Amino acid sequence: MEDKQPIQSKLTSLDQFKSWAKENGFIFPSSEIYGGFQAVYDFGHYGYYLKENIKNLWQKAMWQERDDVVSLDSGIFMHPKTWEASGHVGGFSDVLVEDKKTHKRYRADHLIEDQIAEDSFEMPNFSHIDDEAIVNALEKKDMDKLTPDQLATIIELLKTKSPDGNDLAEPRNFNLLVKSNLGTTDATFNEENVTYLRGETCQGIYLNYKNVLDNLRVKIPFGIAQVGKAFRNEIVARQFVFRTREFEQMELQYFIHPDMNDEVYAMWKEERMKWYTEVLGIDNASLKFRPHEKLIFYAKAAEDITYNFNSMGKFDEVEGVHARSDYDLTQHAKFSGQKLDYFDQEKGERYTPWIVEASCGLNRLVMMVIDHFWEMEKIDETGDGKRDYRTVLRLPKHLAPIKVAILPLSKKEDLQNKAHEVKKMLQSDYMTEYDETASIGKRYRRQDEIGTPYCVTVDFETLEDNAVTVRDRDSMEQERIKIDELLNYFGDKI
Ligand code: ATP
């Protein structure tokens with residue numbers, strides 16, 4: 001019966017991804033009725049549950065299955081000094097360039113990288129340039145971490161234009177922190193008492209280090225992990241939910257003695273990569289570590305976990321694993337005037353803990369799993385030789401937003417009632433969905449497309465034999481199962 005021949009195996013562009021995600025109720029562009037709102041997206045029913053499932057798996061790996069990590073849910077707003085201490089007020093910026101004619105703004109590094117990636121691009125001679133960072137960037141075709149002046153030199157050399165073909169103004173730094181007018185004193189921005197929406201969730205962890213240490217009976221080495229929203233004024237919206245201005249992060253900060261740095265860093269690298277392959281089910285070949293080219297002055301090591309996005313045609317970052325030394329606690333101790341150290345009673349030693357962090361973006365993970373498990377294939381499910389195709393999201397069952405769909409074969413009242421009975425029986429254990437619209441074939445396709453592992457069909461025979469047909473998403477095979485046995489059946493399968 002099964003005769004699968006992929007006709008297009010993967011999502012091949014972000015535009016295709018975007019339309020698919022919208023049409024299937026996963027991800028919607030923000031504020032569409034007002035013409036849209038750049039770089040913000042809303043998660044629909046299925047996208048929300050997929051996101052929650054990934055989040056729960058991360059929390060399980062961080063908290064439930066470990067003895068050394070505690071949780072936290074800190075506020076989005078923090079004392080403004082937090083962001084001075086962390087270095088974000090002074091240095092959390094990307095380099096922006098403006099189209100002189102249209103005044104549209106772009107990230108300078110991205111514009112240059114796009115230009116270099118074009119088939120027709122020919123690299124001009126740059127042997128006269130003696131700035132090592134520029135030479136390195138041109139050789140590696142990676143413009144990250146260059147200053148506005150260095151990028152200006154490259155723009156001049158490559159004669160880089162805007163996507164509309166116009167000249168560009170001088171590049172300049174643009175701070176990514178999102179300002180707010182929280183507070184009752186003045187509704188307009190006042191630079192002296194400006195507050196920020198957090199640019200990363202980990203600052204809330206550093207600010208609570210002392211609370212956790214004093215009140216939760218933790219001992220080094222220990223971690224604090226949290227999930228929550230972060231906000232960045234990203235310069236340009238062009239990568240779907242890969243780069244948005246509001247997004248969710250899942251961050252672990254692990255506090256250690258400096259001597260443990262290398263060992264703990266290696267341990268977290270291994271743990272995190274294992275989570276992607278063993279828990280999320282991503283193929284080894286689609287993942288790789290990418291070491292940072294240039295370490296920031298306080299970092300001891302930094303690598304990103306990158307995933308090969310079919311829809312973007314390249315590997316890109318989903319998570320960072322960084323050894324941050326004592327920078328964070330030292331900075332907050334300095335700016336707050338509080339002691340943020342650790343006293344090891346057994347050794348009689350006092351020190352400022354070092355930190356290893358594992359920091360990932362939940363929206364990027366949603367995008368990664370859809371990108372990885374989405375497939376379009378040619379099939380002949382009914383075996384009548386009439387070829388059809390289906391899109392199937394081959395999510396591991398524990399990631400699927402809906403586990404079982406219940407489908408009455410027709411809209412006859414007694415079938416509807418029976419199907420509702422079956423749904424009631426299953427829905428306290430599983431996310432289920434009832435669907436009676438369109439032909440049964442179309443309904444199977446719909447469930448395949450959103451990744452539902454099982455469809456239960458209630459047909460006329462059900463009324464006689466109290467059994468239903470269970471269809472498997474991947475094999476498309478069907479089995480007749482007694483309704484009384486369904487809970488046990490799914491208990492074994494899901
Ligand atoms: P990039 O280099 O792609 O801008 P980053 O190195 O600034 O990312 P981090 O500050 O290390 O990112 O944040 C940790 C994680 O948070 C990233 O690995 C990514 O998954 C996620 N993240 C960061 N910025 C965004 C964003 N604008 N939209 C969605 N996710 C993001």
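- As recorded by an unreviewed UniProt entry, the protein chain carries the name Glycine--tRNA ligase and is attributed to Candidatus Dojkabacteria bacterium.

Concerning a nonpolar patch on the surface
Right, so step 1: A contiguous nonpolar surface patch, about 250 Å² in accessible area, is contributed by Leu 409, Phe 460 and Leu 463.
Right, so step 2: Residue placement: Leu 463 occurs in helix α15 (residues 460-465).

Examining the sheet that holds strand β10 (residues 222-231)
Right, so step 1: Ordered by their spatial adjacency, 7 strands build an open sheet running β4-β10-β11-β17-β14-β13-β12, and the pairing between neighbours is mixed. On the outer flanks of this sheet lie β4 (69-71) and β12 (287-291), each paired with one strand and no other. Neighbour-to-neighbour, the strand axes of this sheet turn through a mean angle of 25 degrees, independent of strand direction.
Right, so step 2: Pairing analysis gives 3 bridges linking β4 to β10, with the strands arranged parallel. Within the sheet, the bridge partner assigned to Ser 71 lies in β10 and is Ala 225.
Right, so step 3: With respect to the sheet, helix α10 (residues 261-279) is in contact with β11 (246-256), β12, β13 (301-309), β14 (314-323) and β17 (354-361), its orientation differing from that of β14 by roughly 145 degrees.

Things to note about the site of the ligand
Right, so step 1: The ligand sits among 17 residues. The nearest are Arg 232, Glu 234, Arg 243, Thr 244 and Glu 317.
Right, so step 2: Within the side chain of Glu 234, an N or O atom sits 2.7 Å from a nitrogen atom of the ligand.
Right, so step 3: The contact in question runs from a nitrogen atom of the ligand to an N or O atom on the backbone of Thr 244, over 2.8 Å.
Right, so step 4: For the ligand, whose free accessible area comes to 600 Å², the fraction covered by protein is 85%.

Points about the domain arrangement of the protein chain
Right, so step 1: Under the domain assignment used here, the protein chain contains domain 1 (7-80 + 181-371), domain 2 (93-175) and domain 3 (402-493).
Right, so step 2: For domain 1 versus domain 2, the separation of C-alpha centres amounts to 28 Å.
Right, so step 3: For the pair domain 1 and domain 2, the summed buried surface comes to about 890 Å²; carbon and sulfur atoms form 55% of the total.
Right, so step 4: Taken together, the connections running from domain 1 to domain 2 amount to 1 salt bridge.
Right, so step 5: The salt bridge involving Glu 293 is made with Lys 140; its shortest N-O contact spans 3.5 Å.
Right, so step 6: Linking domain 1 to domain 2 there are 1 residue pair in polar contact (both at pLDDT 80 or more).
Right, so step 7: Split by residue class, the side of domain 1 that touches domain 2 holds 2 nonpolar, 2 polar and 5 charged.

What counts as what
The residue numbering used here restarts from 1 in each chain and proceeds along that chain's sequence as written. For a predicted model such as this one, the threshold for reporting local features is a pLDDT of at least 70, and the threshold for listing and counting side-chain atom pairs is 80 or more; totals across whole chains, interfaces and linings nevertheless cover every residue. The basis for the side-chain values is all heavy atoms of the structure; hydrogens and waters are excluded. In this analysis, a patch consists of residues with relative accessible area above 30% that form no salt bridge, clustered at 9 Å for like charges and at 5 Å for the nonpolar side chains Val, Leu, Ile, Met, Phe, Trp and Tyr. Using a 1.4 Å probe, the Shrake-Rupley method yields the accessible areas, and only the shown protein chains count as cover for residues. Each salt bridge in this description consists of a side-chain nitrogen of Lys or Arg and a carboxyl oxygen of Asp or Glu lying within 4 Å of one another. Each helix is a run of DSSP H or I of at least 4 residues and each strand a run of E of at least 2, with the numbering of both proceeding from the N terminus. For two strands to be treated as a pair, DSSP must find at least two bridges joining them. To get an axis, fit a line to the C-alpha atoms, keeping to the stretch in contact for a helix; angles then go from 0 to 180 degrees between the N-to-C directions. Two residues form a contact once any of their heavy atoms are found within 4.5 Å. The rule for a residue being near a molecule or strand is that one of its heavy atoms must lie within 4 Å of it. The definition of a polar contact used here is a pair of N or O atoms within 3.5 Å, where within protein one atom must be able to donate a hydrogen and the other to accept one, and adjacent residues in sequence count solely through side-chain atom pairs. Domains are outlined according to an automatic or database domain assignment. Buried area: the accessible area, evaluated with a 1.4 Å probe, that two parts lose upon being put together, summed over both parts. Only Asp, Glu, Lys and Arg are considered charged in this grouping, and only Ala, Val, Leu, Ile, Met, Phe, Trp, Tyr, Cys and Pro are considered nonpolar; every other residue, Gly among them, is considered polar.

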